[in-house]
Amino acid sequence: MTQTTHEISKSGRPIFGDSMAPTEEAAFPRLTSAELALVRPLAKPCDYADGDVVFRAGQPDIDLYVVESGQMEIRNPTDGHRLIAVFEPGNFSGDIDMLTGRPVIAMAVARGPTRLLCVPNGQLRSLINRVPSLGEKLIIAFTRRRELLSQMGGLGLRVFGPGRCRATSTVREFLYKNFVPFHWFDTETEAGKQALAALGSPPAAPVIECGNGRILVNPSLQQLAIEAGVWRHCATQDVDFAIVGAGPAGLAAAVYASSEGLSTLLLDQLGPGGQAGASSRIENFIGFPAGLSGADLATRAVLQMLKFGARMIAPVAVQKLTPARSAGDRHALHLDCGAQIRCRVLLLALGVRWRRLQADGADRFAGAGIYYACTRVETDLFDAQDVAVIGGGNSAGQAVMFLAECCPSRTVHLLVRRTLGPGMSEYLVERIRAAANVVVHEQTEIEALHGDGHLEAMRLRNNLTGAATQLPCAAVFVFIGADPAAEWLPAEIARDAKGFVLTGTDVIASGLWPRSDREPCPLETSLPGVLAAGDIRAGSVKRVGFAVGDGSLAVTCAHRLISINR
């Protein structure tokens, strides 16, 4: 994330350049007199003198502040309290952390005598859901502000470490997937070395400087999550609907379930997005003709589920599932944090994981040239350098075009084991064939990877001729098929020969359905009360839209199962 300059307009709104003008009003709207009338019954008037602090960076569960008179400055405490924006009467504070409850990343100070309307954080969801038009204005503003703040850079955590380092890449990916603002300093550059020296040159990487002054050296994801405000204590608890896996299927199920009144808890090992979160651009998902990134899709879905009252816990791993003993009992998930989640209905939206590249040197360069995702986190490392993508599906095609378009001066090599076309959408195939800086290598695989510390070249083999060639390359993005992420599931849950979970009619056909009083729901596994959706499900179509449909169908099944067992 690089820092850009900005100004403050007379209206108190940040100016980010002419290209941002159409989105400025969405990010910094004013509440109308009618909307203010709806806010006042839930708000407490608060008076501040010039220079009084309204809230400080690092405070969680921040309240919503609406300017009634005077002005409120928003400042960046990690950059010498630099001015970000000035809010005037009708403007309101906050970004997406208003809904996530995470510590706020900026501070607010009164400019002159100021009166604010303070809406307690606990009342915010009620306000958003009770008045949809106002809720839409708030959520759009929160989302757009976070995007603008991320583009500015310099806010949030400061991450120090080499770009082509597995541990540093893991930290950056975790923060990116959980939409935690951070500023990364590449310690392989002179500027990065100087910034790290100012911290005393800790001996191990990565190093994270937190907003509260704490320094973390090569922390676990759990430690990082706590300091970033992502992690909250997870108590043993009962819920109606538990979901394991925060990919598109799990996120869709969380949105629908919570909007329909089910107490809903979503669990994930890393953060929202799943396999789709590794995609730079998804263009065939209905409703987004210009496409959107996997991270954008995940962010929108998380805000939507939080709006309806669902909760998410990450990073957390399920160690064991104890099935319900009887029809009225609850399934129990045993988590690595020590808590148990007991649920009436469980949805397995575990997804899949990309197969690891089987070539000499692949493990050595993991996180240092070999990547299984293609987002800004990875691609920012390789500006103007030639790269390669392996795979013949849509994820590979989207990665190719993202890499080719964000840096036209580089060459992007697409390696396909057979021929380009059968496993990829036609629109992507046509774009790849037409791209001037894309070279397609069909019937080609990687034999070996070479480099001194960093990936520098790959040795290719043509499957038809057996000929070997050496090709300079700074990074390889791997999308070569996927395996189900279902190792911890109990034996009672039937799977097909490839390890994907059987559901519905497939369970009946397998002869493993244990109940004689009813048939399974369409997404029910061979373990009654446990559903499966998305890529983990046998026979599913590996598309985002299909996974979202599965997630919504799972909620229909959950309602039916809960009513049966009451």
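Calculation notes
- Residues numbered from 1 in each chain as written.
- Predicted model: local features only at pLDDT ≥ 70, side-chain atom pairs only at ≥ 80, totals over all residues.
- Heavy atoms only, no water.
- Helix = DSSP H or I, 4+ residues; strand = E, 2+ residues; numbered from the N terminus.
- Rg over C-alpha atoms; globule rule 2.2 N^0.38 Å.
- Buried < 20%, exposed > 50% of the residue type's maximum accessible area, 1.4 Å probe, protein only.
- Contact = heavy atoms within 4.5 Å.
- Areas by Shrake-Rupley, 256 points an atom, 1.4 Å probe, with all protein chains shown as cover.
- Lys, Arg positive; Asp, Glu negative; His and termini not counted.
- Charge placed at Lys NZ, Arg CZ, Asp CG, Glu CD.
- Polar contact = N/O pair within 3.5 Å; in protein donor to acceptor, adjacent residues only side chain to side chain.
- Pairing = 2+ DSSP bridges.
- Axes fitted to C-alpha atoms, helices over the stretch in contact; angles between N-to-C directions.
- Phe/Tyr/Trp six-rings, centres within 6.5 Å; stacked < 30°, edge-to-face > 60°.
- Salt bridge = Lys/Arg side-chain N within 4 Å of Asp/Glu carboxyl O.
- Expected span 1.5 Å × (residues − 1).
- Parallel < 35°, antiparallel > 145°, perpendicular 65-115°, else oblique.
- Left-handed = near helix turned anticlockwise from the far one by under 90°.
- Nonpolar A, V, L, I, M, F, W, Y, C, P; charged D, E, K, R; others polar.

Asks: Help me understand the overall build of the protein chain in this model?
Replies: Looking only at helices and strands, the protein chain has 15 helices and 28 strands in total. Against the 2.2 N^0.38 benchmark of 24 Å for 566 residues, the protein chain shows a C-alpha radius of gyration of 25 Å, consistent with a compact globule. Referenced to the eigenvectors of the C-alpha coordinate spread, the extents of the protein chain come out at roughly 75 × 65 × 45 Å. In the protein chain, which comprises 566 residues, the share counted as buried stands at 55%. In the protein chain, 69% of the contacts between residues at least 6 apart in sequence involve partners at least 24 apart. As displayed, the protein chain offers around 23500 Å² of accessible surface, 51% of which is attributable to carbon and sulfur atoms. In the protein chain, 55 side chains carry a positive charge and 56 a negative one; their mean positions are 4 Å apart.

Asks: Looking at this structure, I do not really get unusual backbone geometry. What am I missing?
Replies: The phi angle of most residues is negative, glycine excepted, and most peptide bonds adopt the trans form. For the peptide bond that leads from alanine 205 to proline 206, omega is 0°, which places it in the cis range. Cis rather than trans, the peptide bond between alanine 314 and proline 315 has omega equal to -5°. Along the polypeptide, proline 315 turns up in the loop between strand S14 (311-313) and strand S15 (318-322). With a phi angle near 50°, aspartate 61 is a residue other than glycine that sits in the positive phi range. As for its placement among the helices and strands, aspartate 61 is situated in the loop between strand S4 (53-55) and strand S5 (64-76). By relative accessible area, which is 36% here, aspartate 61 ends up partly exposed. Unusually for a residue other than glycine, glutamine 443 sits at a positive phi of about 55°. Within the secondary structure, glutamine 443 sits in the loop between strand S22 (438-441) and strand S23 (444-450).

Asks: Honestly, the side chain of threonine 264 in this entry has me stumped. Any pointers?
Replies: By the secondary structure assignment, threonine 264 is in strand S13 (residues 264-267). Looking at threonine 264, its side chain comes within polar contact range of the main-chain oxygen of leucine 262, at 2.8 Å. If we skip the residues at most four places from it in the chain, threonine 264 touches Phe241, Ile243, Ala254, Ala257, Ser258, Ala310 and Arg311.

Asks: Please explain the pairing of strand S17 (residues 340-348) as it appears in this structure.
Replies: Note: strand S12 (residues 237-244) against S17, 7 bridges, orientation parallel. From the neighbouring strand, aspartate 238 faces S17, where its bridge partner is arginine 342. Here strand S16 (residues 331-335) folds back onto S17, and the loop between the two strands holds 4 residues, one of which, glycine 338, carries a positive phi near 100°. One ladder, built from 3 bridges, connects S17 with strand S28 (residues 530-532); its direction is parallel. Counted as the bridge partner of leucine 346 is valine 530 from S28.

Asks: Could you clarify how one ought to interpret the sheet that holds strand S11 (residues 215-217) in this entry?
Replies: To summarise the sheet geometry, strands pair through backbone hydrogen bonds and adopt either a parallel or an antiparallel arrangement. Pairing in this open sheet of 4 strands is mixed, and the strands run S9-S8-S10-S11 from one edge to the other. Bordering the open sheet on either side are strand S9 (182-186) and S11, each of which pairs with just one other strand. Mean inter-strand twist for the sheet, computed between neighbouring axes without regard to direction, equals 15°. In the sheet, strand S8 (residues 157-161) pairs with strand S10 (residues 207-209) via 3 bridges, with the strands oriented antiparallel. Paired with phenylalanine 160 across the strands is valine 207, a residue of S10. On top of the sheet, helix H8 (residues 221-228) reaches S8, S10 and S11; it is set at about 165° to S11, its chief contact.

Asks: Would you mind showing me how to read the packing of aromatic side chains here?
Replies: To describe a pair of aromatic rings, you give the distance between the ring centres and the angle between the ring planes. Under the criterion given, the structure shown has 8 aromatic pairs. When the ring of phenylalanine 160 is compared with that of phenylalanine 185, the centres are 4.7 Å apart and the planes differ by 10°; the resulting orientation is stacked. Within this pair, whereas phenylalanine 160 is found in strand S8, its partner phenylalanine 185 is found in strand S9, the two being separated by 25 residues in sequence. Judged on exposure class, the residue phenylalanine 160 and its partner phenylalanine 185 are both buried.

Asks: Honestly, the pattern of salt bridges in this entry has me stumped. Any pointers?
Replies: Oppositely charged side chains can form a pair if their charged atoms are brought close together. Tallied over the entire structure, the rule returns 27 salt bridges. Between arginine 30 and glutamate 88 there is a salt bridge whose closest N-O contact spans 2.9 Å. Of this pair, arginine 30 sits in the loop between helix H1 (21-27) and helix H2 (33-39) while glutamate 88 sits in the loop between strand S6 (82-87) and helix H3 (97-100), and the two are 58 residues apart along the sequence. Judged by its relative accessible area of 14%, glutamate 88 falls in the buried class. Salt-bridge contacts for lysine 137 lead to glutamate 35; the nearest nitrogen and oxygen are separated by 2.9 Å. With lysine 137 in helix H5 (residues 132-152) and glutamate 35 in helix H2, the pair connects residues that are 102 residues apart, well separated along the chain. Given a relative accessible area of 22%, lysine 137 falls into the partly exposed group. In this structure, a network of salt bridges that share partners links the residues Glu445, Glu447, Arg459 and Arg461.

Asks: Is there a simple way to think about the environment of proline 528 in this case?
Replies: Secondary-structure assignment places proline 528 in the loop between helix H14 (505-510) and S28. For proline 528 and leucine 561, which are 33 residues apart along the polypeptide, the C-alpha to C-alpha distance reads 8.9 Å. Ignoring anything within four residues of it in the chain, the contact list for proline 528 reads His331, Trp513, Pro514, Arg515 and Arg518.

Asks: Can you walk me through the environment of glycine 80 in this structure?
Replies: Counting through the fold element by element, glycine 80 comes out in the loop between S5 and S6. For glycine 80, a relative accessible area of 69% translates into the label exposed.

Asks: What's the story with H5 in this structure? I'm lost.
Replies: Since one α-helical turn is 3.6 residues long, residues separated by three or four positions face the same way. End to end, H5 covers 30 Å across 21 residues, agreeing with the expected 30 Å (1.5 Å per residue, within 8%). Following H5 by one or two positions, glycine 153 has its phi on the positive side, about 75°.

Asks: When you look at the packing of helix H6 (residues 166-177) against H8 in this model, what are you seeing that I'm missing?
Replies: Each packed pair of helices is defined by two parameters, the angle between the axes and the distance between the axes. Direction vectors running N to C along H6 and H8 enclose 40°, while the axes themselves pass 11 Å from each other. Looking at the two axes, H6 sits oblique to H8. Crossing of H6 against H8: the hand is right-handed. On the side of H6, the interface is formed by Thr170, Val171, Phe174 and Leu175, while H8 contributes Leu221, Leu224, Ala225 and Ala228. Of the residues assigned to the contact of H6 with H8, the class counts are 7 nonpolar, 1 polar and no charged.

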